[in-house]
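Listed here are the chains, written in short residue letters.
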Amino acid sequence: MTDTLWLTDDADANALLSRSRTAVLVGALLDQQVPMEWAFAGPYTIASRMGTDDVDVHAVAESDLDRLEAVFATKPAVHRYPSAMAKRVQALCAYLVEHYDGDVDGIWRDVASGDELRQRLEALPGFGRQKAQVFTALLGKQLGIAPQGWREAAGGYGDTSVFRSIADVTGPESLDKVRQTKKASKRRSR
């Protein structure tokens, strides 16, 4: 288990990610069509612009969408698609409020297996199977949330000694290895 997450090159963003599972979950949602470290810096930017020290699930869920979109769009933008991602993050937070009373740890607190964890993650707005597998791997590899069978539930992302996703990023060197793996995968798929 990692005490300090290194998912961005911003020390303040990493500090938030290290203390807040909510921030990590929101970063995972933002991790699409932008560099990984930009996505995972997003929760810190959101919290700072909303005047809080963490992503406040209730405040985001209840926020006026125009205001939330402005939080995302202010330069530098939280995401390449600020309006769409503001809506997705708000939907995620609303789901967390409705199903877990705003407590992100409720997603995995009482799961009996890795499959159950992955299925709960897949049910989240904006999370499909692959994102749920990557997040399951991140929880198991770096956050010590490892129900029985989590590696299998994470698919290839749960393998040891691989550099396939954000679950394997622990610093600049491993980030470079993940990037090399992704580039090689893209070359093979062409």
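Structure first, text after, so check above.
Numbering of residues starts from 1 in every chain and runs along the sequence as written. The predicted origin of the model limits local features to residues at a pLDDT of at least 70 and limits the giving and counting of side-chain atom pairs to 80 or more, whereas totals for whole chains, interfaces and linings rest on all residues. With hydrogens and water excluded, all non-hydrogen atoms of the structure serve as input to the side-chain values.

A. Here's a closer look at the packing of aromatic side chains. What counts as a ring pair is set by centres within 6.5 Å for rings of Phe, Tyr and Trp (its six-membered ring), and what kind of pair is set by the plane angle: stacked under 30 degrees, edge-to-face over 60, tilted for all other angles. Tallying each qualifying case throughout the model produces two aromatic pairs. For the pair W108 and F135, a centre-to-centre distance of 6.3 Å together with 40° between the ring planes defines the contact as tilted. Residue W108 is found in the loop between α6 (82-100) and α7 (114-122), and its partner F135 is found in helix α8 (residues 129-142); the two are separated by 27 residues along the sequence. Accessibility assignment for this pair places W108 and F135 in one class, buried. For the pair F127 and F135, a centre-to-centre distance of 6.2 Å together with 85° between the ring planes defines the contact as edge-to-face. Neither residue differs from the other here; F127 and F135 are each classed as buried. The helix count covers DSSP runs of H or I at least four residues long, the strand count covers runs of E at least two residues long, and both are numbered beginning at the N terminus. Residue burial is assigned from relative accessible area. The probe radius is 1.4 Å, only protein chains are included, and a residue is buried under 20% of its type maximum, exposed over 50%, and partly exposed in between.

B. Structural detail: α7. Residues of α7 that are buried: G114, L117, R118, R120 and L121. Looking down the long axis of α7, one finds its buried residues gathered within 160° of arc, a one-sided arrangement. Contact between two residues is taken to exist if any of their heavy atoms lie within 4.5 Å; hydrogens are not considered. Next to the buried residues of α7 lie α2 (21-30), α6, α8 and α9 (150-153). By arc we mean the arc of the directions from the helix axis to the C-beta atoms, nothing more.

C. Quick look at the nonpolar core. What we call a nonpolar core is a set of buried Ala, Val, Leu, Ile, Met, Phe, Trp, Tyr and Cys residues that are connected through their side-chain atoms within 4.5 Å. L25, F72, I107 and F135 are the most contacted members of the largest nonpolar core, which has 56 residues in total. Per element, the largest residue contribution to this core is eight residues, and it comes from α6. Once residues within four sequence positions are removed from consideration, F135 is found in contact with V24, L25, A28, W108, L121 and F127.

D. Structural detail: the environment of I145. Residue placement: I145 occurs in the loop between α8 and α9. Along the sequence, I145 and R129 sit 16 residues apart, while their C-alpha atoms lie 18 Å from each other. Sequence-distant contacts of I145, that is, excluding residues within four places in its chain, are made with R21, W108, L139 and G140.

E. Quick look at the side chain of D168. If you trace the backbone, D168 turns up in the loop between α9 and α10 (172-189). For D168, a relative accessible area of 7% gives the class buried. At 2.9 Å, the side chain of D168 forms a polar contact with the backbone nitrogen of R164. With residues up to four places along the chain from it excluded, the contact list for D168 reads K141, Q142, V162, F163, S174 and V178. By the criterion applied in these results, polar contacts are pairs of N or O atoms within 3.5 Å in which, for protein atoms, one can donate a hydrogen and the other can accept it, and in which residues neighboring in sequence qualify only through two side-chain atoms.

F. Highlighting the pattern of salt bridges. The salt bridge criterion pairs a side-chain nitrogen of Lys or Arg with a carboxyl oxygen of Asp or Glu, the two atoms within 4 Å. All told, the structure shown has ten salt bridges when counted by the stated rule. The salt bridge partner of R118 is E122, with a shortest N-O separation of 2.8 Å. Placement of both R118 and E122 in helix α7 is noted, with a separation of four residues, approximately one turn of the helix. Take E122: its relative accessible area is 26%, and that puts it in the partly exposed class. Look at the salt bridges and you will find they share partners, linking D115, R118, E122 and R129 into a network.

G. Quick look at α6. The end-to-end C-alpha separation of α6 is 26 Å, in line with the 27 Å expected for 19 residues at 1.5 Å each. Three or more residues of α6 are buried, namely M85, A86, V89, Q90, L92, C93, Y95, L96 and Y100. Residues of α6 that are buried sit in contact with α2, α4 (57-62), α5 (65-73) and α7. Among the residues trailing α6, D101 stands out with phi positive, at a value near 55°. For a helix, the expected span equals 1.5 Å multiplied by the number of residues minus one.

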